Amino acid sequence: LAKTTQPISMDSYEGQEVNITCSHNNIATNDYITWYQQFPSQGPRFIIQGYKTKVTNEVASLFIPADRKSSTLSLPRVSLSDTAVYYCLVGGYSSASKIIFGSGTRLSIRP
Amino acid sequence: NAGVTQTPKFQVLKTGQSMTLQCAQDMNHEYMSWYRQDPGMGLRLIHYSVGAGITDQGEVPNGYNVSRSTTEDFPLRLLSAAPSQTSVYFCASTPRSAYNEQFFGPGTRLTVL
């Protein structure tokens, strides 16, 4: 399984764009990159998934460079409610292997 | 759909007691998993199952047993509770076709005295 590395914590302010980068140097050819969000006392929630280039949905954008050794989750115009822990995972799309979470990035948004 | 449900929400055990945490999903997902989350930490995989009758160990399986007799249910059994098992336990499910998109239950907060 490809190991991921993320910053432990980040701070930002309301209305700013926040970019969280994840390193996954050993990503395999069939691995997808998935991001989850977790609020206190809740289970993680799927945010976005991608394989290469850029993916955008109503919540976030995911940028993946050509070598796929890293990815960046972009949250546009954050609000206080975006304060959460964000996890980056890599794994096969239809694999039967383990889905492992890392330590995540604790994002704090200030007024 | 109710999604992923877990019972109980809270539980206090004494050291040495056994109990079963229940997890059920009504989305016909093949893949189910159990995680534990200690305060301020990330999630650690305990056991997972890729389908009825098939289970496998995760990162921290010691002290826990699982079974998967049906697609819907994936109970987690604590054999002899220890204070080190005090944690929040999350169950998750995902369809095999998109196995990274997990749906999580609300969690069970377990305290072992």
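Residues numbered from 1 in each chain as written. Chains lettered and ligands numbered in written order. Predicted model: local features only at pLDDT ≥ 70, side-chain atom pairs only at ≥ 80, totals over all residues. Heavy atoms only, no water.

S.K.: Where do I start with the pairing of strand E3 (residues 31-38) of chain A in this structure?
M.R.: On any regular strand, side chains alternate: one points to one face of the sheet, the next to the other face. All names here are of chain A. Extensive coverage of E3 is indicated by the burial of seven of its eight residues. As defined by bridge partners, E3 adjoins strand E8 (residues 84-92) across eight bridges and the pair is classed as antiparallel. From the neighbouring strand, Tyr32 faces E8, where its bridge partner is Gly91. Note that E3 and strand E4 (residues 45-50) share five bridges and pair antiparallel. Paired with Trp35 across the bridge in E4 is Ile48. In sequence, E3 turns back onto E4 through a hairpin of six residues, with Ser41 there showing a positive phi of about 65°. (Buried < 20%, exposed > 50% of the residue type's maximum accessible area, 1.4 Å probe, protein only. Helix = DSSP H or I, 4+ residues; strand = E, 2+ residues; numbered from the N terminus. Pairing = 2+ DSSP bridges.)

S.K.: It is not clear to me how the interface of chain B and chain A should be interpreted in this structure. Could you clarify?
M.R.: For interface size, the figure often reported is the accessible area lost on association. At the interface, 26 residues of chain B touch 25 residues of chain A. When the two sides are added together, the surface that chain B and chain A hide from each other amounts to roughly 2,000 Å², 50% of it contributed by carbon and sulfur. Only strand E4 (31-37), strand E5 (43-51) and strand E9 (87-94) of chain B provide two or more residues apiece to the side of chain B that touches chain A. Looking at the side of chain B that touches chain A element by element, the count peaks at four residues for E5(B). Along the lines of polarity and charge, the residues of the side of chain B that touches chain A split into 12 nonpolar, 10 polar and four charged. (Contact = heavy atoms within 4.5 Å. Buried area = accessible area lost by both parts, 1.4 Å probe. Nonpolar A, V, L, I, M, F, W, Y, C, P; charged D, E, K, R; others polar.)

S.K.: Sorry, what's going on with the sheet that holds strand E5 (residues 53-56) of chain A here?
M.R.: Adjacent strands of a sheet pair through backbone hydrogen bonds, lying either parallel or antiparallel. Residues and elements named next belong to chain A. Sheet architecture is open: four strands sit in the order E2-E7-E6-E5, paired in antiparallel fashion. The open sheet has two free edges, formed respectively by strand E2 (18-23) and E5, since each of these has just one partner strand. In this sheet, adjacent strand axes meet at a mean angle of 15° when their direction is disregarded. Where strand E6 (residues 61-64) meets strand E7 (residues 70-75), three bridges bridge the pair, whose relative direction is antiparallel. Each bridged residue has a counterpart across the sheet, and for Phe63 the counterpart in E7 is Thr72. (Axes fitted to C-alpha atoms, helices over the stretch in contact; angles between N-to-C directions.)

Honestly, that's just the spatial picture; any functional story needs more than this.
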